[in-house]
Amino acid sequence: MSAAAVRWSAALLVLAAIGVASEARAFTLFDGDTLGLELRGYAQSAGGFQDPGYEVPVLGSLASGFHAQVLRLQWFAQLGDSLTLDVHNRFVTYTSSSVLGAGLGDAVGIGASVVPQRTVNLQTTFIDEGGFRASHDIDRLALRVFFGAGEVVLGRQAITWGHGSMFAVADVWTQFSPFELDQTEKPGIDAARVLYYPTPGLELDFIVADRGSLEDLSAGARASMVAGSADVYVAGGKFWQQIMAMAGVALDMVDFKLRAEIAQGYDADAARFRLPRGTIGADYFASDWSFSADYHFNGVGTPRAEDYVAQLSDPARARGESYYLNRHYVGLASSYGGIDRLRLSVAAITNVVDPSVIVTPSLSYEFSDNADITLGAFQGFGEKPVFDPGLQLRSEFGTYGGFYYAQFRGFF
């Protein structure tokens, strides 16, 4: 590793240690009657190794070690009675012993989520050599204006639609990969957004978003309402080159929740309807533990493992609309936190057609309300790929192999 790589890694590790040892609080840099400036953030450090469990011709074994750090500085400025500004600096370093280098965006780990295409690129790569990469991105740059019963948000911001997390059907703006380690703040998208609250329990959301080109300019609207135990939304708009309608409902019955969502798209380029994406699920919450179960139909996937290689370059996957290859999935997740500051979690996502499964156990310990350590893994089970003649993926999650990590986070 280069001397510069060592310096970057050491600096961020020190910042992570500071976050662990200190109390989580905003640094108030200026505090006036109507003007103010605060700094919050977090430091995250993750390291471990991965082994797909097979060798690749010419390259040999792809087993490797990795170490990644994330430092996010969250600046919040109050600019009067009705105006605020959010700016986030995201610094990332990544070191890998892999023969493929240290490029971010692997299927599992820090950088697994797709960052939205942006016309204005505010990312700088300082170093990218010798298995080491260091970069900085302005991931938030949003001006928020409050008015009467609503607000306007202009610039780079985080937007979330829908109820799902493991299978995010309606989260069409930016969504986390289910195999992403850095899930504290999702990637920002450049957009103009209007939120309007005409009556209690009703929210109207209007968005125009940049996708990197005028052709892919996206716009959508959503109406969501909370009435009694029901949280319902309907939405629609133009997303990339498709027209899409979405709807969802969540019924909250104190310690039990039922969820259902569906998204139906019309491909304007091909002049045809696409197969829908949909999820039905249930959550159970007790005092110390929780349990979730989901069935997901992924209409943008392929029903045949023989087509997986081509599916890897499908536009819907490349832009983060879906992180799955096939069409039918079952997801299970459970978490237990009844032992002091320890929390044990395990989730499993099953491709029921291959069949294959990826299991993600983790054990977390909270040092305090603002710092934690997690030991975890992503372990895939299923048929391994073959390389003669040519690459053939015989199962989805059997291709992943094993990914094992230790992660520290500290907030300030």
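This structure is a prediction, so every number in the text was calculated from the model and none was measured.

Focus on the nonpolar core
Move 1: The biggest cluster of nonpolar side chains holds 27 residues, and the ones touching the most others in it are Phe-179, Tyr-324, Ile-349, Phe-378 and Phe-397.
Move 2: Taken together, the elements giving at least two residues each to this core come down to β2 (35-51), β5 (64-79), β6 (83-96), β20 (342-351) and β23 (402-411).
Move 3: Ranked by the residues each element gives to this core, the list is headed by β5, at three residues.

Re the environment of Ala-377
Move 1: Structurally, the position occupied by Ala-377 is in strand β22 (residues 371-381).
Move 2: Linking Ala-377 and Pro-187, residues 190 residues apart in sequence, is a C-alpha distance of 23 Å.
Move 3: When near neighbours in sequence (up to four residues on either side) are disregarded, Ala-377 contacts Val-359, Thr-360, Pro-361, Phe-403, Tyr-404 and Tyr-405.

Some details on the pairing of strand β11 (residues 202-209)
Move 1: Here strand β10 (residues 189-196) pairs with β11 via six bridges, running antiparallel. For Leu-195, the partnering residue across the bridge sits in β11 and is Asp-205.
Move 2: Hairpin geometry of β10 and β11 is characterised by an intervening segment of five residues between the two adjacent antiparallel strands and by a positive phi of about 90° at Gly-201.
Move 3: One ladder, built from eight bridges, connects β11 with strand β12 (residues 218-227); its direction is antiparallel. Across the sheet, residue Leu-204 finds its bridge partner in β12, namely Ala-223.

Things to note about the pattern of salt bridges
Opposite charge on two side chains lets them pair, provided their charged atoms get close.
Move 1: One pass over the full model with this rule turns up 24 salt bridges.
Move 2: Across the pair Arg-259 and Asp-294 runs a salt bridge, and its minimum N-O distance is 2.9 Å. Of this pair, Arg-259 sits in strand β15 (residues 256-267) while Asp-294 sits in strand β18 (residues 289-298), and the two are 35 residues apart along the sequence. Like Arg-259, the residue Asp-294 is buried in the burial classification.
Move 3: Ionic pairing is found between Arg-341 and Glu-366, a salt bridge with its closest N-O pair at 3.7 Å. With Arg-341 in the loop between β19 (328-339) and β20 and Glu-366 in strand β21 (residues 356-368), the pair connects residues that are 25 residues apart, well separated along the chain.
Move 4: Since its relative accessible area comes to 31%, Arg-341 is described here as partly exposed.

A closer look at the packing of aromatic side chains
In this description, a pair of aromatic rings is defined by centroid distance and the angle of the planes.
Move 1: Summed over all chains, the structure comprises 22 aromatic pairs.
Move 2: Ring centres of Phe-66 and Phe-403 lie 4.8 Å apart, and the angle between their planes is 20°; on these two criteria the pair is classed as stacked. With a gap of 337 residues between them, Phe-66 in strand β5 and Phe-403 in strand β23 connect regions that are remote in the sequence. Like Phe-66, the residue Phe-403 is buried in the burial classification.
Move 3: Measuring from centroid to centroid gives 5.3 Å for Phe-167 and Tyr-324, while their planes differ by 45°, and the two rings are tilted. Linking Phe-167 in the loop between β9 (150-157) and β10 with Tyr-324 in the loop between α3 (315-318) and β19, this pair joins segments that are 157 residues apart in sequence. Of the two residues examined, Phe-167 and Tyr-324, each falls in the buried class.

Remarks on the side chain of Arg-118
Move 1: The residue Arg-118 is located in the loop between β6 and β7 (123-129) in this model.
Move 2: With a relative accessible area of 15%, Arg-118 lands in the buried category.
Move 3: Polar side-chain contacts of Arg-118 include one of 2.9 Å to the side chain of Asp-139.
Move 4: Of the polar contacts made by the side chain of Arg-118, one reaches the backbone oxygen of Gly-188; its length is 2.7 Å.
Move 5: Among all residues touching Arg-118, those that are not within four sequence positions of it are Asp-137, Asp-139, Arg-156, Gly-188, Asp-190, Asp-210 and Gly-212.

Focus on unusual backbone geometry
Move 1: Omega for the bond connecting Asp-354 with Pro-355 falls within 30 degrees of zero, at -5°, which places this linkage in the cis form.
Move 2: Looking at the element boundaries, Pro-355 is found in the loop between β20 and β21.
Move 3: Backbone torsion omega between Asp-388 and Pro-389 reads 0°, so that peptide bond is classified as cis.
Move 4: Here Pro-389 lies in the loop between β22 and β23.
Move 5: Even without a glycine there, the phi angle at Val-254 is positive, about 65°.
Move 6: Considering the arrangement of structural elements, one finds Val-254 in the loop between β14 (242-252) and β15.
Move 7: With a relative accessible area of 78%, Val-254 lands in the exposed category.
Move 8: In this structure, Asp-340 is a non-glycine residue whose phi angle is positive, near 50°.
Move 9: Assignment of secondary structure puts Asp-340 in the loop between β19 and β20.

Some remarks on the pairing of β21
Move 1: With ten bridges joining them, β20 and β21 adopt antiparallel strand pairing. Each bridged residue has a counterpart across the sheet, and for Thr-350 the counterpart in β21 is Val-357.
Move 2: Following β20, the chain reverses through four residues before pairing antiparallel with β21.
Move 3: Examined bridge by bridge, β21 and β22 share nine bridges and lie antiparallel to one another. When the sheet's bridge partners are listed, Glu-366 is paired in β22 with Asp-372.

Rules used throughout
Residues numbered from 1 in each chain as written. Predicted model: local features only at pLDDT ≥ 70, side-chain atom pairs only at ≥ 80, totals over all residues. Heavy atoms only, no water. Core = buried A, V, L, I, M, F, W, Y, C linked by side-chain atoms within 4.5 Å. Buried < 20%, exposed > 50% of the residue type's maximum accessible area, 1.4 Å probe, protein only. Helix = DSSP H or I, 4+ residues; strand = E, 2+ residues; numbered from the N terminus. Contact = heavy atoms within 4.5 Å. Pairing = 2+ DSSP bridges. Salt bridge = Lys/Arg side-chain N within 4 Å of Asp/Glu carboxyl O. Phe/Tyr/Trp six-rings, centres within 6.5 Å; stacked < 30°, edge-to-face > 60°. Polar contact = N/O pair within 3.5 Å; in protein donor to acceptor, adjacent residues only side chain to side chain.

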